[in-house]
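Remarks on the overall topology
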Amino acid sequence: MRPYTLLLLLFLACTTHEESETEIHPKVDDLIERVVSEYQISGVSIAVVYQGTKSLTINKGHTSDKLEWEITDTTLFSAQSISKTFTSLACLIAVKEGFLDLDIPITYYLPDFSVNSFHEEDASSKITLRHLLSHTSGLPPDAPVGNNFTPQFNGNVY
């Protein structure tokens, strides 16, 4: 079973099943155990939220293969690229509804947006929403400060 299949099955189990949470939880728990074992995943945390209320929480394993910290309800995870799906969907719905345009400069919506470029002046006026959504804007993958590799100390980025 592929990991994305697990997410689909979890979604279906929690949204279309008439059983109570106490009946659903062991089935989902067993499914997660099998996928974690098969794919040698060090840890996973899943929460299903329905109408603002957390209806199911499952935490398994540790934050790394080194068993550094056990995963709990308060373990922080980096969202990374998972947010791209939701952002793209929201943008395309807004395009369909006529609120956004994929092909006008992003500075129309974000007038303070700027890019320092060695290659041309006013590069920010050439970047569109389509460029940003398709990763063709020419922006680097990580910010020089505050990126995934910047050490953290007391919540402050150094």
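One can find the structure itself at the top, above this paragraph.
The structure reproduced in this document is the subject of the present report. (Residues numbered from 1 in each chain as written. Predicted model: local features only at pLDDT ≥ 70, side-chain atom pairs only at ≥ 80, totals over all residues. Heavy atoms only, no water.)

1. Structural notes on the environment of Leu139
Counting through the fold element by element, Leu139 comes out in the loop between helix H4 (129-133) and strand E3 (152-153). The spacing of Leu139 and Ile127 is 12 residues in sequence and 9.4 Å in space, taken between C-alpha atoms. The residues contacting Leu139, other than those within four sequence positions of it, are Phe113, Val115, Ile127 and Leu132. (Helix = DSSP H or I, 4+ residues; strand = E, 2+ residues; numbered from the N terminus. Contact = heavy atoms within 4.5 Å.)

2. A closer look at unusual backbone geometry
One non-glycine residue, Gln40, lies in the positive phi region at around 50°. Tracing the sequence through the fold places Gln40 in the loop between helix H2 (21-38) and strand E1 (43-50). You can call Gln40 exposed: its relative accessible area is 69%. (Buried < 20%, exposed > 50% of the residue type's maximum accessible area, 1.4 Å probe, protein only.)

3. Observations concerning the packing of aromatic side chains
Describing an aromatic ring pair means giving the distance of the ring centres and the angle of the ring planes. Applying the stated rule across the entire model yields 1 aromatic pair. Considering the side-chain rings of Tyr108 and Tyr109, the 5.0 Å spacing of their centres and the 90° angle between planes classify their relative orientation as edge-to-face. On the basis of relative accessible area, Tyr108 is assigned to the exposed category, the value being 61%. (Phe/Tyr/Trp six-rings, centres within 6.5 Å; stacked < 30°, edge-to-face > 60°.)

4. Description of the environment of Thr57
Assignment of secondary structure puts Thr57 in strand E2 (residues 53-61). C-alpha separation for the pair Thr57 and Ala47, spaced 10 residues apart in sequence, amounts to 4.4 Å.

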